[in-house]
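Structural description and commentary
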Amino acid sequence: MKDTLLIIEDEALLGNELARFFSKQQWEVRLATHLTNARQLLNESQIDPLVILSDMNLPDGNALDFLEQSKTSLPNSEWIFLTGYGSVTDSVRALRLGAYDFIEKPCGLDRLNMLVEGAARSARAQRRLLQETSQHFNRYTTDALVGRSQKTKAVRDMLKQLSNVPFSSLVITGETGTGKGLITRILHYSGSRASKPLVELNCAAIPKDLLESELFGYEAGAFTGAKKRHRGLLEQADTGTIFLDEIGEMDLNLQGKLLKAVEELRFRRLGSETMVEVDVQIITATNRDLLQQVKNGQFREDLYHRLSVLNIHIPPLRERLEDLRDLVPQFVADCNIKSGKQIKIIPETVWEQLETYDWPGNIRELRNIIERCILLAEGDAFPVQWLQLPNKRPAISGAENTGMYIPLDGTLSLHDIEKLVLQEALLRANNNVTGAARMLRATRETMRYRVQKHHLKYDQD
Ligand SMILES: Nc1ncnc2c1ncn2[C@@H]1O[C@H](COP(=O)(O)OP(=O)(O)OP(=O)(O)O)[C@@H](O)[C@H]1O
Ligand SMILES: [Mg+2]
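Residues numbered from 1 in each chain as written. Chains lettered and ligands numbered in written order. Predicted model: local features only at pLDDT ≥ 70, side-chain atom pairs only at ≥ 80, totals over all residues. Heavy atoms only, no water.

**Quick word on the pattern of salt bridges**
- For the coordinates displayed, the defined rule picks out 29 salt bridges.
- The partner of Lys-457 in a salt bridge is Glu-371, with the nearest N and O atoms 3.7 Å apart. Here the residue Lys-457 occupies a position in the segment after helix 18 (444-453), and Glu-371 occupies one in helix 15 (residues 362-376), the gap between them amounting to 86 residues.
- Through salt bridges that share partners, Glu-78, Glu-219, Arg-231, Glu-235 and Arg-269 make up one connected network. (Salt bridge = Lys/Arg side-chain N within 4 Å of Asp/Glu carboxyl O. Helix = DSSP H or I, 4+ residues; strand = E, 2+ residues; numbered from the N terminus.)

**Here's the deal with the site of ligand 1**
- Around ligand 1 there are 17 residues in total, and Thr-176, Gly-177, Lys-180, Arg-364 and Arg-367 lie nearest to it.
- In this structure, an oxygen atom belonging to ligand 1 sits 3.1 Å away from a main-chain N or O atom of Gly-179.
- The separation between an oxygen atom of ligand 1 and a polar side-chain atom of Lys-180 is 2.6 Å.
- Coverage of ligand 1 by the protein amounts to 85% of the 630 Å² it exposes when considered alone.
- When grouped by side-chain class, the residues that make up the shell around ligand 1 number 7 nonpolar, 6 polar and 4 charged.
- When residues of the shell around ligand 1 are sorted by domain, at least three fall in each of domain 2 (137-315) and domain 3 (318-453). (Near = heavy atom within 4 Å. Polar contact = N/O pair within 3.5 Å; in protein donor to acceptor, adjacent residues only side chain to side chain. Areas by Shrake-Rupley, 256 points an atom, 1.4 Å probe, with all protein chains shown as cover. Nonpolar A, V, L, I, M, F, W, Y, C, P; charged D, E, K, R; others polar. Domains from an automatic or database assignment.)

**A short note on helix 2 (residues 35-43)**
- Residues of helix 2 that are buried include every one of Leu-35, Ala-38, Leu-41 and Leu-42, and no others. Taken around the axis of helix 2, the buried residues stretch over an arc of 120°, which confines them to a single face.
- For helix 2, the secondary structure elements touched by its buried residues are strand 1 (3-8), strand 2 (27-32), strand 4 (57-58), strand 5 (61-62) and helix 3 (63-70). (Buried < 20%, exposed > 50% of the residue type's maximum accessible area, 1.4 Å probe, protein only. Arc of directions from axis to C-beta. Contact = heavy atoms within 4.5 Å.)

**Focus: unusual backbone geometry**
- Look at the link from Lys-105 to Pro-106: it is a cis peptide, with omega at -5°.
- Its place among the elements puts Pro-106 in the loop between strand 7 (101-104) and helix 5 (109-136).
- Positive phi is not limited to glycine here, since Glu-246 has a value of about 50°.
- Among the secondary structure elements, Glu-246 is positioned in the loop between strand 12 (241-245) and helix 10 (252-264).
- You will see that Arg-441, though not glycine, has its phi angle at about 45°, which is positive.

**With respect to the packing of aromatic side chains**
- The tally for this structure, following the rule as stated, stands at 7 aromatic pairs.
- With a centroid separation of 5.8 Å and 25° between ring planes, the pair formed by Tyr-140 and Tyr-189 is classed as stacked. With Tyr-140 in the loop between helix 5 and helix 6 (150-162) and Tyr-189 in helix 7 (residues 180-190), the pair connects residues that are 49 residues apart, well separated along the chain.
- Judged by relative accessible area, which is 9%, Tyr-140 ranks as buried.
- Accessibility expressed as a relative area gives 8% for Tyr-189, which makes it buried. (Phe/Tyr/Trp six-rings, centres within 6.5 Å; stacked < 30°, edge-to-face > 60°.)

**Focus on the environment of Phe-223**
- Looking at the secondary structure, you find Phe-223 in the loop between strand 10 (217-218) and strand 11 (230-231).
- Assessed through its relative accessible area of 32%, Phe-223 is described here as partly exposed.
- Measuring from C-alpha to C-alpha, the distance between Phe-223 and Ser-213 comes to 10.0 Å, with 10 residues separating the pair along the chain.
- Excluding its chain neighbours within four sequence positions, the residues that come into contact with Phe-223 are Ser-213, Tyr-218 and Leu-270.

**Examining the pairing of strand 8 (residues 169-173)**
- Burial within strand 8 is extensive, with 5 of its 5 residues counted as buried.
- Side chains of strand 8 alternate between two faces, with Ser-169, Val-171 and Thr-173 and Leu-170 and Ile-172 buried alike.
- Bridging between strand 8 and strand 15 (residues 281-286) involves 5 bridges; their strand directions are parallel. Within strand 15, the position partnered with Val-171 by the bridge is Thr-284.
- Strand direction decides the pairing type here: strand 8 and strand 16 (residues 310-313), joined by 4 bridges, are parallel. Residue pairing in the sheet places Thr-173 in a bridge with His-313 of strand 16. (Pairing = 2+ DSSP bridges.)

**Focus: the domain arrangement of the chain**
- Taken domain by domain, the chain holds domain 1 (3-124), domain 2 (137-315) and domain 3 (318-453).
- With centres defined by C-alpha atoms, the gap from domain 1 to domain 3 works out at 56 Å.

**Notes on the sheet that holds strand 6 (residues 78-83)**
- Strand order in the open sheet made by the 5 strands is 2-1-3-6-7, with parallel pairing throughout. On the outer flanks of this sheet lie strand 2 and strand 7, each paired with one strand and no other. The average angle at which neighbouring strand axes cross in this sheet is 20°, direction not considered.
- Across 4 bridges, the pairing between strand 6 and strand 7 is parallel. Its bridge partner lying in strand 7, Thr-83 is registered against Glu-104. (Axes fitted to C-alpha atoms, helices over the stretch in contact; angles between N-to-C directions.)

**Here we look at helix 15**
- Taking 1.5 Å of rise per residue, the 15 residues of helix 15 would be expected to cover 21 Å, and the 22 Å separating its terminal C-alpha atoms lies within 8% of that figure.
- Within helix 15, 12 of the 15 residues are buried, leaving the element largely enclosed by the surrounding structure.
- When we look at burial in helix 15, the residues that qualify are Asn-362, Ile-363, Glu-365, Leu-366, Asn-368, Ile-369, Ile-370, Glu-371, Arg-372, Cys-373, Ile-374 and Leu-376.
- Among the structural elements, helix 13 (324-339), helix 14 (348-356) and helix 16 (414-428) are those in contact with the buried residues of helix 15. (Expected span 1.5 Å × (residues − 1).)

**Examining empty space enclosed by the protein**
- For the structure on display, the rule yields 2 cavities of 30 Å³ or more.
- Leu-162, Ser-163, Val-165, Pro-166, Phe-167, Leu-187, His-188, Gly-191, Ser-192, Arg-193 and Gln-281 together form the lining of the largest cavity.
- The calculated volume of the second largest cavity comes to roughly 40 Å³.
- Along the walls of the second largest cavity sit Leu-234, Ala-261, Val-262, Leu-265, Phe-267, Val-278, Val-280 and Ile-282, which together make up its complete lining.
- Taken together, the residues of the lining of the second largest cavity sort by class into 8 nonpolar, no polar and no charged. (1 Å grid on protein atoms, 1.4 Å probe; cavity = no way out; pocket = protein on both sides within 12 Å on 5 of 7 lines; lining within 4 Å. Points joined across faces, edges and corners; volume = space filled by probe spheres on them.)

Shown next as structure tokens:
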């Protein structure tokens, strides 16, 4: 289906030329010659334009007033304005109101086309986000945090309370794999901002010098390579939540800029004069001790206090092993569905091993191990021989800590063994391909090829 472009232009000659041109660029074009006409198209014909290209001054009013009135009914359309020479005030107002851009008349069709394409990309991204939001709505209730221990119950109670009160910022701390990402989703999707975007940024996954432009966005020409205007993640999260994962990795300079933006709820895109206002709830997560970082001078104290108005700490799994009794059956059931297996029995020896292991990788490690076991299972019992918890491996000289146990009794084919080795290396490298490649003395490319061959999951790096 073609996307719709609504053109509002009273000069018939220009209007028709634009309509002809954009129809050839794969747009479903609707042309309105004045605002009443545009209103009718939107209300009666129920069109849902991806982009609206509008003249500023129309016979029956100013298009900016029209934008202001229609903003709530068209939250995911982008607007571009055609302005007369020198109407600076109008252009500034247009951007304040959230227009994508404006362009002075007369303008070349090629330039205009580039602008329309940029606006279309931006509107599509917003729509995708909205669609994902509605899919997540039912999945992330407070019950998604599984576990019967007092510690987990306390966290669940806190989440229930927080879903009824609006908060501006909150810090989640906990070791790797304890559920910081999950808790963020629960907070967002069970709170009042649930139908608004949740935007995530992992501060450790992005090179330091790109982090600022990712967060704040930039104007075309702000730096070499900035060809088009880019809306930053803070802006994309407007009215919703921004999740800054691994905040401890952010450098001090950017921490200062973030603090200013968070306090004022406005900022400038890189290379821009105009302030953009945003309304965002900020959730940050870290597996580091932020207070210690403050003491060491690696994290700004003022930012720490601003972000940690509320604090949720998730204890490591080894401090709440009772949760295994709920987590394991749930993960087994999930994996059964995914792999088409029917594991129904979990032998007591399996429980014994699970409950005496210290789980350095926490719930993520548990889930990965269960996934591996179910994949290799035959019959209806959980295969204890595939648990292979690091301190519980069958004793074979040299295999205790760094090696692994592979039975050569005919139960596994060479193909299975390769898969098992890859899986184990990925597990130990926290799903990082480069780390796993190092363990197997392979290149990253070889590793990636083999991992894909076996349809194994891994993190992009
Ligand atoms: N209490 C829980 N109940 C059910 N699933 C959980 C629970 N805690 C964590 N999980 C699951 O475990 C996995 C790891 O959790 P998550 O990614 O949220 O950890 P994290 O703390 O963000 O880790 P990292 O610091 O490495 O980013 C996810 O699949 C998550 O859904
Ligand atoms: Mg995480």
